[in-house]
Each structure stands twice: as C-alpha cells, then as structure tokens.
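Coordinate inspection notes
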Amino acid sequence: MIEAWRNAAVLGGITGLLVMLAQVRRLWSWLPALVIAGLGVALFLDALAPNWALSSLLADAPWGAAIVLAIWAAHADSGWLRVRAWPAAVLATAVFGDRFVAVGLALAEPDPARRARLVIAASGASLVGVTSGAAPLVLGWGGPEFVGMGLLLAGVGFVGGGGPVVRAPPDRRLAARALLVPLLGAVVVWLAMLSGVLELIATGLEQVPLLALPRGDLLVYGASVVGGALGDEGLLALIAREIELRSLSMRGDALPVALRAGLAVGGGLPLLLMSGSRLRVGVPLWLLQVGMVTAWLWLR
C-alpha cells in the first residue's frame, strides 16, 4: 500500500511538472528528455516492467485523442489565420479554435492592449464549438448552454475597429514542435495511468456527491481553472478524459461540466502570455470571466 502511494506521488508529480513545462514554449526542446527521465523513474520504482512496457504503451496510451490534438495544435501554430476584428475573432474561434486566433493576433495585431481583449474574447468563445479549444476538442462539445455561456464570455473582450492585418511571418518551427507536444503528452498520460493517480482522482470525484461537500462542482471548477492557468490545456484535457473514463460511478453532469468549463476558461491566461498581450488589460478581464462562470455554475 505504501509503495502504491509512493508511486502515485512521485509519478503524479512528474506528470504535473511535465504538463506545466509544456506550457513554456522555450522549454519544448527539453520535453523529450524529461519524458525519458520520467520513464526511467517509472522503471526504477518498478511501476514499469521492460517486458510489457512497449505493448502497454501502444495499447493503453490515448494515441487517438493525442493525434487529433497534435494536428489541431500544429495547424494553429502555423500562423495562417489572421483576424483583428472582434466578430471575426469570435467566429474564427468557434470554427477553428482559440489557439488559432491567439497565434494570429500575436502576428497581426500591433496594439498589445487591443490584442489582450481579442484573446480574452477568443478564450471565452472556446466554449462554443467542438473544435473551438483544446478542452472541447478532447472532451467533447458541452451542449447549448456552453454556447450561450461562451458568447457571454466573448463579450467581455469586446473591442471595436480593426484595421488591415499585419503580415508578420510566422515561426514555422513552432508548428513542428506543437505537433510533437501532444504525442509526448500521450506518454505522460500513460505514466499517470501507471502511477495510479488517475484512479485515485476518479475515485475522489465519485465520492464528492457522497461527502456532502458544499458545492463540490465549484471545487472541481476551481481546481480546473488553476490547472488550465498553469498547465497545458491540451495535456490536461487528455488527463481529464482518462479520469472521466474511470469515473464510472459518477452521477449527473455537474462535475464534468465544471471540469470542462474550468479548463477552457483557465486556458485564457496562458493565451495572454503566449500572444504577448498586455496583462494589465487582459488579466482583469480573465478574472471577470472566471467569476462569470463561477456564478453560472452556482445558479445552474
């Protein structure tokens, strides 16, 4: 029992570290080495046996979802989509995704304050569609109520105007690296499976309604917002997907809704940082969005 808790703590901690480092693009070149180091730790802890490791990796890691996410992320980071008007940003997010819009704004919008508003609008609109963000892409569409909430959140970043698009050249290397990160993420999720930490979290979610906690969905939402703000939204969505698959006894949709909303809204802060937006403008608007979703979940 002690060994199981040790493996969960150590490998779960490594998983969390890798998820956070995947958010820092300057460190992407180090991710393969870090993943290999994680595999070495798993071997050292006897959580991974060489004779079945490869077959387990091929069969159990979430390769399907990771490949879809990798193609989406690489397409976004290629920088081909350029919009500078609020309606176009919201529509492009609904069709393609918030990351597409944020990358394009970093290249096409010279005003960092205006860029911050449009990135926040895109982040809010990521609740609208199936491909509008990493979380809905992996976890699925949230339904009509998510569409309404997403449009309200997009309104927080409303700004008028929008002149000619600046034709700054994109960094094509980012697209190649973005393709690699979710694939490495599938290995990270697999390590989390081996550690048992996903089973522990799934069991905890199943127990939330039984513990009579005051508004357990808000606790899940708060944890998801923090995770989305500190870690890579796509990798966190892959982990959340595996947790949901293990939460077979979870009743109702309150916790999955809170989880999806938290990851999507929390991911707005990294988009501000990635796009080089003015944080004095963007962070208060992001906090307003966090508060709006909190109120929605409270009244839901």
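Everything discussed here concerns the structure shown above.
Residues numbered from 1 in each chain as written. Predicted model: local features only at pLDDT ≥ 70, side-chain atom pairs only at ≥ 80, totals over all residues. Heavy atoms only, no water.

1. Concerning the packing of aromatic side chains
Applied cut-off: Working definition: a ring pair exists when centres of Phe, Tyr or Trp rings (six-membered ring for Trp) sit within 6.5 Å. Plane angles under 30 degrees give stacked, over 60 give edge-to-face, the rest tilted. Helix and strand definitions here come from DSSP, where helices need a minimum of 4 consecutive H or I residues and strands a minimum of 2 consecutive E residues; each element is numbered from the N-terminal end. When a residue's accessible area, from a 1.4 Å probe over protein chains only, is under 20% of the maximum for its type it is buried; when over 50% it is exposed; and in between it is partly exposed.
Inspection of every chain in the model, using the stated rule, returns six aromatic pairs. Here the aromatic rings of Trp 86 and Phe 158 are separated by 5.2 Å at their centres, their planes lie at 70 degrees, and the arrangement is edge-to-face. Of this pair, Trp 86 sits in helix 5 (residues 86–95) while Phe 158 is found in the loop between helix 9 (144–156) and helix 10 (172–195), placing the two residues 72 residues apart along the sequence. The class of Trp 86 is buried, set by a relative accessible area of 19%. Between Phe 96 and Phe 100, the aromatic rings sit 5.8 Å apart at their centres with planes inclined by 35 degrees, giving tilted as the arrangement. Residue class for Phe 100 comes out buried when judged on its relative accessible area of 3%.

2. Things to note about the environment of Ala 168
Here is the rule: It only takes one pair of heavy atoms within 4.5 Å for two residues to be counted as in contact.
Among the structural elements, Ala 168 can be located in the loop between helix 9 and helix 10. For the pair formed by Ala 168 and Ala 108, sequence separation is 60 residues and the distance between their alpha carbons is 6.5 Å. Beyond its immediate sequence surroundings of up to four residues, Ala 168 is in contact with Arg 82 and Leu 107.

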